Amino acid sequence: MKKRTYMGIHHDQHGGMTMLGQIIKDAWIFELIPETETGEGWDLDRLNALQDQVHEQWRSYGFRVGNLPEPIRERHERIHRQAIERARAAGWDPSLGDDD
């Protein structure tokens with residue numbers, strides 16, 4: 001049986017504004033993976049391992065953006081601003097739920 005793989009943040013639903021897309025974006029923020037890595041072709045085990053790493057990073061800052069050191073907070077703002085722009089260009093509307 002072939003393992004299912006992730007299509008990558010830039011091919012993800014809603015321009016990557018999904019749970020898997022969030023894992024990738026947060027991994028970029030904490031420099032766990034380079035911003036050129038989209039997760040394309042990754043299996044669920046690899047994404048889960050990355051999610052654990054991201055969770056540990058957030059834990060060290062109390063899960064609050066305001067607790068991030070300035071360079072990380074600036075990277076967070078830039079990555080999320082760019083992600084929202086890409087998602088809106090792909091038709092994402094933050095006011096609509098997944099069922100709308």
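On a predicted model such as this, the values are computed, not experimentally measured, just so you know. (Residues numbered from 1 in each chain as written. Predicted model: local features only at pLDDT ≥ 70, side-chain atom pairs only at ≥ 80, totals over all residues. Heavy atoms only, no water.)

A. Fine view of unusual backbone geometry. Backbone geometry places H14, a non-glycine residue, at a positive phi of 60°. By the element assignment, H14 lies in the segment before helix 1 (19–29). According to the relative accessible area criterion, H14 is partly exposed, its value standing at 26%. Despite not being glycine, E31 has its phi angle at roughly 55°, a positive value. Topologically, E31 is positioned in the loop between helix 1 and helix 2 (44–60). (Helix = DSSP H or I, 4+ residues; strand = E, 2+ residues; numbered from the N terminus. Buried < 20%, exposed > 50% of the residue type's maximum accessible area, 1.4 Å probe, protein only.)

B. Helix 3 (residues 70–89), seen in detail. The end-to-end C-alpha distance of helix 3, which contains 20 residues, comes to 29 Å, matching closely the 28 Å that a straight helix rising 1.5 Å per residue would cover. Taken as a whole, helix 3 has its buried residues at I72, R75, H76, I79, H80, A83 and A87. Angularly, the buried residues of helix 3 cover 120° about the axis, an arc narrow enough to put them on a single face. Opposite the packed face of helix 3, turned more than 90 degrees from it, sit the exposed residues P71, R88 and A89. On its buried face, helix 3 is in contact with helix 1 and helix 2. Two residues or fewer past helix 3, G91 is found with a positive phi of approximately 100°. (Expected span 1.5 Å × (residues − 1). Arc of directions from axis to C-beta. Contact = heavy atoms within 4.5 Å.)

Just geometry here; none of it tells us what the structure is for.
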